[in-house]
Amino acid sequence: MSQVLLSVIRHITADGVHVVALTGDIDHTTAGIFRQALTPPGQSAPHTVADFHDVTFMDSSGINILVAANNAARAHGGSLRLAHTPTPVLDLLRIVGLDAILPLYPTLEDALAPSAAP
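In this report, the structure presented in the accompanying data block is examined. (Residues numbered from 1 in each chain as written. Predicted model: local features only at pLDDT ≥ 70, side-chain atom pairs only at ≥ 80, totals over all residues. Heavy atoms only, no water.)

**Comments concerning the environment of Phe 34**
So, step 1. Note that Phe 34 resides in helix α1 (residues 31–38).
So, step 2. Residue Phe 34 is classed as buried on the basis of its relative accessible area, which comes to 0%.
So, step 3. In sequence terms Phe 34 and Asp 54 are 20 residues apart; their C-alpha atoms lie 14 Å from each other.
So, step 4. Residues contacting Phe 34, with those up to four places away along its chain left out, are Leu 6, Leu 22, Ile 26, Phe 52, Gly 62, Ile 65 and Leu 66. (Helix = DSSP H or I, 4+ residues; strand = E, 2+ residues; numbered from the N terminus. Buried < 20%, exposed > 50% of the residue type's maximum accessible area, 1.4 Å probe, protein only. Contact = heavy atoms within 4.5 Å.)

Listed below in structure tokens is the structure:
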């Protein structure tokens, strides 16, 4: 049986937003990768957008990391936004109430729009 891993592609936009595109599962085996992915390089970008388009699963490990990343971003005057969150992940966010705390956008473009900035 092959295990699905979490892969990450990161970049900083011209506007200084840290964009993280995620592919795979977010669980206890990939928690370290997810945590590191949401940490802007050198804390240089206070705003992070996580694109969940290709995330296939997330458990409570991912919830804990999202809470910590959101708190860290806010402590530095920034924000954490989620884009293109698949229904199973969105359902989990709703169950734990994170949908009321984290801004959710249907597309990456919407999350990066100037009007999306807090």
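That was the structure; now back to the text.
**Quick notes on α1**
So, step 1. All buried positions along α1 are accounted for by Ala 31, Phe 34, Ala 37 and Leu 38. Projected down its long axis, α1 carries its buried residues within an arc of 130 degrees, all on one side.
So, step 2. Considering only its buried residues, α1 is in contact with β1 (7–12), β2 (17–26), β3 (47–58), α2 (60–75) and β4 (79–83). (Arc of directions from axis to C-beta.)

**Quick notes on α2**
So, step 1. For α2, spanning 16 residues, the distance from its first C-alpha to its last is 23 Å, which sits close to the expected 22 Å at 1.5 Å a residue.
So, step 2. Within α2, burial applies to Ser 61, Gly 62, Ile 63, Ile 65, Leu 66, Ala 69, Asn 70 and Ala 73.
So, step 3. Buried positions along α2 lie against β2, α1, β3, β4 and α3 (87–96).
So, step 4. One side-chain oxygen of the residue at the start of α2 lies 2.8 Å from the amide nitrogen of Ser 61, identifying that residue as Asp 59.
So, step 5. Within two residues after α2, Gly 77 carries a phi angle of roughly 75 degrees, on the positive side. (Expected span 1.5 Å × (residues − 1). Polar contact = N/O pair within 3.5 Å; in protein donor to acceptor, adjacent residues only side chain to side chain.)

Without other data, these values stay purely geometric and don't point to any function.
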